[in-house]
Amino acid sequence: MSVEVRPFGVSCNLQCEYCYQNPMRESRASLHYSLPELKRALELEGRPFTLFGGEPLLMRLEDLESLFSWGLDRYGENTVQTNGTLITAKHIEIFRRYKVRVGISIDGPDELNDARWAGSLANTRAATERTNAAIVKLCEAGMAPGLIVTLHRKNATASVLPRLCRWLEEMDRIGVKSIRLHLLESENEEIRAKYGLTAAENLVALLKIMELEGALRAVRFDVFQDIRHLLAGEDGKCTCVWRACDPYTTQAVTGIESVGHRSNCSRTNKEGVDFIKGSRVGFERYLALYHTPQQYGGCSGCRFFLMCKGQCPGTAVANDWRNRTEHCEVWKKLFEVFESKMLGIGQPVLSSSIHRGAMEDEALRRWQEGTDFTLEELVRSVAARSQAASPPSSTDTGGKV
């Protein structure tokens, strides 16, 4: 579970056209933050936090240093997620002093990053240059950032995908080790039509990057690692989009807003309203998805359901969290690709396990009782019951899928 501190709410120095926070940004004015209230709220959470936004580096340097000093004293670490355009030598000095892990959102060099708009083409290209320069400087300082790259029509169609791959190779060469790939989360049909890739285009891009990963020295892409782990029933470190997230509590993410009040993950906010965080977690979405036929927006009969769970409710079809993700076709094909690879080397996978039906029954029972689980817990539980019901044999998996 992560805590995201948003001192300016969703206010930002860029105007990325596809940003999933735009509905919130359009419904509220810029906010002023209270550092004492932020710290008070964080004290109540009692966990390490990520400075988030909007753009968190709009904070005054002295307040930034105060917050990171406080975070280091209490938790021994700090994290910030930024677009990188505002990073200066002073910021890097602060990051080093207070053990700040840096995440940077960028979609590539030059025109590949033009969707992250800064008011004019000249300003946008200059902002992209500043972000790329910040990545280089952080790597030179021994503080290589993690990157988030969103795939869309400006950076991942057939004509520009080779350029994106060359840039990814350059990121690997300078020392970047971790890159998170996002498929476009479309908030309306106009943005989807302008920037969204088709399922086939998304899949081509992902498979090309997957192929590239094998030739890179250090960079690893979270989505490929996640799918391997999910198929193996080892989801302890997988990203939150594969977990059974309740859109009214977003149990994986707690937001701390400008004056210390709690909020949910903003990916599920489609109406521009920060609803009060729910007091209990519900799993109605996943119970419904399991039983609802696929032609009606559900997941019934999908052998990858336990691993995918309909994916993030923030990407649901028609922006309705009751539906599965609009990227179902892409993820299903990617699961099939990795399933084939793993079975080809003799590695068991959850999707073809003889215990999958029993694990699905156990998952439904737990959700009905209002409790969550990891796949690892589910595998152990079902394997233990199976072993108790029959004597060990030479084909016993020892708790593996």
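Below you will find a few notes about this structure.

Reading the values: rules and limits
- Residues numbered from 1 in each chain as written.
- Predicted model: local features only at pLDDT ≥ 70, side-chain atom pairs only at ≥ 80, totals over all residues.
- Heavy atoms only, no water.
- Disulfide = S-S within 2.5 Å.
- Buried < 20%, exposed > 50% of the residue type's maximum accessible area, 1.4 Å probe, protein only.
- Helix = DSSP H or I, 4+ residues; strand = E, 2+ residues; numbered from the N terminus.
- Pairing = 2+ DSSP bridges.
- Right-handed = clockwise from strand over helix to strand, strands pointing away.
- Contact = heavy atoms within 4.5 Å.
- Axes fitted to C-alpha atoms, helices over the stretch in contact; angles between N-to-C directions.
- Phe/Tyr/Trp six-rings, centres within 6.5 Å; stacked < 30°, edge-to-face > 60°.
- Expected span 1.5 Å × (residues − 1).
- Arc of directions from axis to C-beta.

This part covers the state of the cysteines. Enumeration over the complete set of coordinates arrives at zero disulfides. C165 forms no disulfide, and the closest cysteine sulfur to it belongs to C139, at a distance of 19 Å. The class of C165 is buried, set by a relative accessible area of 7%. Here C312 stays unpaired: no disulfide links it, and the sulfur of C245, its closest cysteine neighbor, is 6.2 Å away.

Below, the discussion takes up the pairing of strand β6 (residues 178-183). The two faces of β6 differ: I179, L181 and L183 on one face are buried, but S178, R180 and H182 on the other face are not. Alignment of strand β5 (residues 146-151) against β6, held across five bridges, turns out to be parallel. Residue pairing for β6: I148 is matched across the bridge by R180. Remark: the β5/helix α6 (residues 161-174)/β6 crossover connection has right-handed handedness. Taken together, the two bridges between β6 and strand β7 (residues 220-221) define a ladder with parallel strand orientation. Each residue of the ladder has a partner; that of I179, found in β7, is F221.

Next up on the list: the side chain of D226. Counting through the fold element by element, D226 comes out in helix α9 (residues 222-231). Residue contacts for D226: discarding those within four places in its chain leaves K237, C238, T239 and W242.

Okay, unusual backbone geometry next. In the segment running from G53 into G54, the intervening peptide bond is cis, with an omega of 5 degrees. With respect to the helices and strands, the residue G54 is situated in the loop between β2 (49-51) and α3 (61-75). One non-glycine residue with positive phi stands out, namely K309, at about 60 degrees. Its place among the elements puts K309 in the loop between α11 (305-308) and α12 (328-344). Here A318, not a glycine, exhibits a phi torsion of approximately 60 degrees, which is positive. Take A318: it is sitting in the loop between α11 and α12.

Judged by pairing direction, the sheet is mixed, and its nine strands sit side by side in the order β7-β6-β5-β4-β3-β2-β1-β8-β9 without closing on themselves. With one partner strand each, in any of the chains shown, β7 and β9 (262-263) form the two edges of the open sheet. Most of the contacts of α6 go to β5, to which it runs at about 175 degrees, and overall it touches β5, β6 and β7.

A ring pair, where both rings are aromatic, is described by two values, the distance of the centres and the angle of the planes. One pass over the full model with this rule turns up 17 aromatic pairs. Seen from their ring centres, F68 and F95 are 6.4 Å apart, and the 70 degrees between their planes marks the pair as edge-to-face. One end of the pair, F68, is in helix α3; the other, F95, is in helix α4 (residues 89-97), and 27 residues separate them in sequence. The same class applies to F68 as to F95, namely buried.

A separate point is the environment of L57. Among the structural elements, L57 can be located in the loop between β2 and α3. By relative accessible area, L57 is classed as buried at 4%. In the structure, L57 is positioned 29 residues away from L86 in sequence and 6.5 Å away in space, judged by C-alpha atoms. Beyond its immediate sequence surroundings of up to four residues, L57 is in contact with L64, V80, T82, L86, I87, H91 and F95.

It is worth spelling out α3 at this point. Taking 1.5 Å per residue, 15 residues should reach 21 Å; α3 reaches 21 Å between its end C-alpha atoms and fits that length. Every buried residue belonging to α3 is among D63, L64, L67, F68, W70, G71 and Y75, and all of these are buried. Buried residues along α3 cover an arc of 155 degrees about the axis, so they all sit on one side. Turned more than 90 degrees away from the buried face of α3, the exposed residues are E62 and D73. Where α3 is buried, its residues meet α2 (35-45), β2, β3 (78-82), α4 and β4 (100-105). In the stretch just after α3, G76 is the one whose phi turns positive, near 75 degrees.

So yeah, pure geometry; function would need other evidence.
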